[in-house]
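Residue strings, one per chain:
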Amino acid sequence: MSPKNHKVRVGISIGDFNGIGPEIIMKSLKDKTITDFFTPVIFGSGKLFTYQKNIFKLNLNFNYVNEASQALPGKLNMVNLTKENVNVELGVPTEESTKMAIDSLEAATEALMKGDIDVLVTAPINKDEMVKMGFKHAGHTGYFEEKFSKKGLMFLVTEDLKVAVSTHHIPIAKVAENISKEKIKKQIRVLNQTLIEDFCIQKPKIAVLGLNPHSGDGGVIGTEEIEIISPAIQELSDNGILAFGPFPADSFFQPNKYRNFDAVLAMYHDQGLAPFKTLAYEEGVNYTAGLPFIRTSPDHGVAYDIAGKNVADEQSFMEAIFTAIKVFKNRSEYSELMSNRLQPRKMVVDNGIDEDLPEETEA
């Protein structure tokens, strides 16, 4: 089936159900025509979602299945992870809500790797509570890197603004020791390839931010720009990748500056995410670039403070769903184009003979 006609199977992990995860999931799926565009597969609990849909007065009917391979097009499919009653305490993380967040993520990831779903959209988790229960990673990115045995890149995207971060969830005190020339080169290459394959940008222009205030001010406020970042950019530029910088972060995110580039690589989490969430909060999507599978999420957290109040905005979650679908189709079409491209044939130029043709023999 052509990628254009394939109805994408979108797996959804529910995150912490005492936050706004189930609310934004159900609000994103409330339009009865939504299944015309994709096939949702939620990894959760029928009893939990029935309870919460009544709180939010949503008219949804789920098709309950035991595994994702049984999901039906045209239905809101629910992989029922438990048939037991669930204790909901909206606004407060509990052991039960944390365990289901882990179970949902693991079941959805397994289905993704088996090919039972095409993409995965993850609702917000409580990282601290999950770590307390034995989850080994301070976020989704590290988890997927381990599962897929490949380094990923946290990449926040909208139509107009795309920001990746070189270091993810680590203390500020450890940022400088966690950047290197080779690491930055590798990340820019990943970013460049992601923009080409997943976002259909033929020749991406990538801006790289400095680590220190004023990009080190010529070495006065730090030497990482001179010793690490600039040499990485120069080597990539010499090899045809359009990387520029390092730019001072404090003045970069002005519309007339960042819009000259297709993506930005920031050196650490808040350097990139603070301006991104300010400029694009409601429509922002967190995409893990560089992995063999497609995973997106909204760019916000569990929001315990508004859980159960029916005021959570589902726009970022909907953007995460449709970004995942768009990336899946872009990547599939790119792969199809590359596999069908014409291979050059060696020609004998001096006599015009095509070497692929059989030679004539004498009678």
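Residues numbered from 1 in each chain as written. Predicted model: local features only at pLDDT ≥ 70, side-chain atom pairs only at ≥ 80, totals over all residues. Heavy atoms only, no water.

Per an unreviewed UniProt entry, the chain goes by the name 4-hydroxythreonine-4-phosphate dehydrogenase PdxA and belongs to Chryseobacterium bernardetii.

(A) Local environment of the overall build of the chain. From N to C terminus, the chain includes 11 helices and 14 strands. C-alpha atoms of the chain, sized along the principal axes, occupy 80 × 75 × 35 Å. When burial is assessed residue by residue, the chain has 50% of its 363 residues classed as buried. Look at the contacts in the chain between residues 6 or more apart in sequence, and 73% of them connect residues 24 or more apart. The averaged location of the 49 negative side-chain charges in the chain is 4 Å from the averaged location of its 39 positive side-chain charges. (Helix = DSSP H or I, 4+ residues; strand = E, 2+ residues; numbered from the N terminus. Buried < 20%, exposed > 50% of the residue type's maximum accessible area, 1.4 Å probe, protein only. Contact = heavy atoms within 4.5 Å. Lys, Arg positive; Asp, Glu negative; His and termini not counted. Charge placed at Lys NZ, Arg CZ, Asp CG, Glu CD.)

(B) Molecular detail of the environment of Asp36. By secondary structure assignment, the location of Asp36 is in the loop between α1 (21-28) and β2 (39-44). You can call Asp36 exposed: its relative accessible area is 53%. Sequence spacing of Asp36 and Pro73 is 37 residues, and the spatial spacing of their C-alpha atoms is 8.4 Å.

(C) Expanded view of the pattern of salt bridges. One pass over the structure, following the stated rule, counts 13 salt bridges. Notably, a salt bridge pairs Lys114 with Asp116, separated by 3.7 Å at the nearest N-O pair. Of the residues examined, Asp116 reaches a relative accessible area of 15% and is grouped as buried. A salt bridge links Lys326 to Glu159; its shortest N-O distance comes to 3.7 Å. You can see Lys326 sitting in helix α11 (residues 315-340) and its partner Glu159 sitting in the loop between β6 (153-157) and β7 (162-165), a full 167 residues away along the chain. Residue classification places Glu159 among the exposed residues on the basis of a relative accessible area of 59%. (Salt bridge = Lys/Arg side-chain N within 4 Å of Asp/Glu carboxyl O.)

(D) Fine view of the side chain of Thr167. By the element assignment, Thr167 lies in the loop between β7 and α6 (181-197). Overall, Thr167 belongs to the buried group, its relative accessible area being 2%. At 2.8 Å, the side chain of Thr167 forms a polar contact with the backbone oxygen of Met267. The contact partners of Thr167, leaving out residues within four places of it in the chain, are Val175, Asn178, Ile179, Lys183, Met267, Tyr268 and His269. (Polar contact = N/O pair within 3.5 Å; in protein donor to acceptor, adjacent residues only side chain to side chain.)

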